[in-house]
Amino acid sequence: MPVLGRLHLVTDTRTGRDPVATVRAALAVAGPQLVVQVRVEDDATDRDAYDLARRVVDLCTPFGATCLVNDRLHVALAAYAAGGHVGALDLPVDAARRVLGPNAVLGATARAPDPARDAVAAGASYLGVGPCYATTTKDGLPEPIGPAGIALVAEAVDVPVIAIGGVTAARVPELLAAGAYGVAVVGAICAAVDPARATTELLAALTRTGAPAC
C-alpha cells in the first residue's frame, strides 16, 4: 500500500465545476502529497465515473499521487485506481476489502469509536471521519462532530484519521491537534477562485502544524 498523503481532494462534479482542471491545478503544487478521491453524483452513470477516474489516474501517475474511487469499487478496479473509499450505505468494509484485494488502499467512513474500530478490524486502511463542521457540499449529513469527535476516533484506532466536512486551512491546526493525520476537502479547493493557491495554503497548514505519524 502506498504511503497515504495528508491532503485528500474529493472531486466535485456538480454543474459548473471542472474536476479535471481542479485536479490538474492541485497536483501541480501538491504532487505526491495529494490523494484524489473520485466522487461523482449519485445519478452519474458508471461510464461517467469510469471516464473521470481514468483521467484522474492518468493525471496522478506522473506525480506519484494516489487516486481512489468513492463508492463504486468496480470502477476503481477497472480504472486501475490505487483503491477506494466506502461510506455507511456502501458495501461493508470486509466485503469491500475482498473486492479490492489485500494490497489496495481502502478508506471507510466513521464518526464514533466503536464503528471506527470495527472498520479497521474489517480491513480499512484509513478512516474518513466527520463531518467536522457544517457543510453544504453534501446533503443529508449528520450533525458535525467537531475536533472533539475527531479526538475520540483518533484515540480508538491506529490507522490514519482523515478529517472531512467544512475543512478550511484555518481549521487544520485544531484538527491535527485533535489527532487527525490529514484532511479531506471538497469546497476548499473545488470552489476556490485559485485552486492551486488553495491547495498550497492547505498543505502549508498541514506542514506547519505537523500531524501524528501513522
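Residues numbered from 1 in each chain as written. Predicted model: local features only at pLDDT ≥ 70, side-chain atom pairs only at ≥ 80, totals over all residues. Heavy atoms only, no water.

**Considerations on the layout of surface pockets**
Rules: The definitions used throughout rest on a 1 Å grid laid over the protein atoms alone, on which a cavity is an enclosed set of points accommodating a 1.4 Å probe that cannot get out and a pocket is an open set flanked by protein within 12 Å on both sides along at least five of seven lines; lining residues are those having an atom within 4 Å of a point. Grid points are joined across faces, edges and corners, and a volume is the space filled by probe spheres set on the points. Labels follow the DSSP assignment, with helices taken as runs of H or I lasting at least four residues and strands as runs of E lasting at least two, numbered in each case from the N terminus. Under this grouping Gly is polar, as are all residues other than the nonpolar Ala, Val, Leu, Ile, Met, Phe, Trp, Tyr, Cys and Pro and the charged Asp, Glu, Lys and Arg.
Computed from the structure, the second largest pocket encloses a volume of approximately 160 Å³. Lining the second largest pocket are 13 residues, with G87, A88, V93, T109 and A119 positioned closest to its centre. For the lining of the second largest pocket, the elements supplying multiple residues, two or more each, are β5 (105–110) and α5 (113–121). Ranked by the residues each element gives to the lining of the second largest pocket, the list is headed by α5, at three residues. Class assignment of the residues belonging to the lining of the second largest pocket gives a composition of nine nonpolar, two polar and two charged.

**Section: the side chain of N70**
Test applied: For the purposes of these results, a polar contact is taken to be a pair of N or O atoms within 3.5 Å, where, inside protein, one atom must be able to donate a hydrogen and its partner to accept one; residues adjacent in sequence count only when each atom of the pair is a side-chain atom. Contacts are assigned to residue pairs with any non-hydrogen atoms lying within 4.5 Å of each other.
If you trace the backbone, N70 turns up in strand β3 (residues 66–70). One polar contact links N70 to Q37, side chain to side chain, over a distance of 3.3 Å. Each residue touching N70, except ones within four places of it in the same chain, is listed here: V10, Q37, V38, R39 and H85.

**With respect to the sheet that holds strand β8 (residues 182–185)**
Each strand in a sheet pairs with another by means of backbone hydrogen bonds, the pair being arranged parallel or else antiparallel. Put simply, the rule reads: By this definition, two strands are paired if DSSP reports at least two bridges between them. For every element, the axis is a line fit to its C-alpha atoms; helices are fit only across the contacting stretch, and the angle between N-to-C directions ranges from 0 to 180 degrees.
On the basis of which strands lie adjacent, the closed barrel formed by eight strands has the order β1-β2-β3-β4-β5-β6-β7-β8 and parallel pairing. Direction aside, neighbouring strands of the sheet carry axes that sit 25° apart on average. Note that strand β4 (residues 83–86) and β5 share four bridges and pair parallel. Residue H85 lies in a different strand from β5, and its bridge partner there is G107. Packing of helix α1 (residues 19–30) onto the sheet brings it into contact with β1 (7–10) and β2 (34–38), and relative to β2 it is tilted by some 165°. Packing of helix α2 (residues 46–60) onto the sheet brings it into contact with β2 and β3, and relative to β3 it is tilted by some 165°.

**Here we look at a negative patch on the surface**
This is how the line gets drawn: What goes into a patch is any residue over 30% in relative accessible area without a salt bridge, connected to like charges within 9 Å or, for nonpolar side chains (Val, Leu, Ile, Met, Phe, Trp, Tyr), within 5 Å. Working definition of accessibility: Shrake-Rupley area with a 1.4 Å probe, residue cover restricted to the visible protein chains. A side-chain nitrogen of Lys or Arg and a carboxyl oxygen of Asp or Glu constitute a salt bridge if their distance falls within 4 Å. For this count, His and the chain ends are skipped, Lys and Arg are scored as positive, and Asp and Glu as negative. Charged groups are reduced to one reference atom each: NZ for lysine, CZ for arginine, CG for aspartic acid, CD for glutamic acid.
On the surface, a cluster of negative charge is contributed by E41, D42, D43, D48 and D71. Mapped onto the elements, D43 comes out in the loop between β2 and α2.

**What to know about the packing of aromatic side chains**
Stated formally: Here is the rule: rings of Phe, Tyr and Trp (six-membered ring for Trp) pair when centre to centre is within 6.5 Å. Planes less than 30 degrees apart are stacked, more than 60 are edge-to-face, and the remainder are tilted. In this scheme, the term charge over a ring applies when either NZ of a lysine or CZ of an arginine sits within 6 Å of the ring centre and within 35 degrees of the ring normal.
Within the structure shown, the criterion is met by zero aromatic pairs. Geometry around Y133 places R171 over its ring, the cationic atom sitting 4.1 Å from the centre.

**Overview of the environment of D18**
Rules: For every residue, the accessible area obtained with a 1.4 Å probe (protein chains only) is divided by the maximum for its type, and the residue is called buried under 20%, exposed over 50%, and partly exposed between those limits.
Looking at the secondary structure, you find D18 in the loop between β1 and α1. Judged by its relative accessible area of 45%, D18 is partly exposed. Residues D18 and A191 lie 173 residues apart in sequence; the distance between their C-alpha atoms is 9.9 Å.

**Details of the environment of A88**
Residue placement: A88 occurs in the loop between β4 and α4 (93–100). Using a relative accessible area of 74% as the deciding quantity, one classes A88 as exposed.

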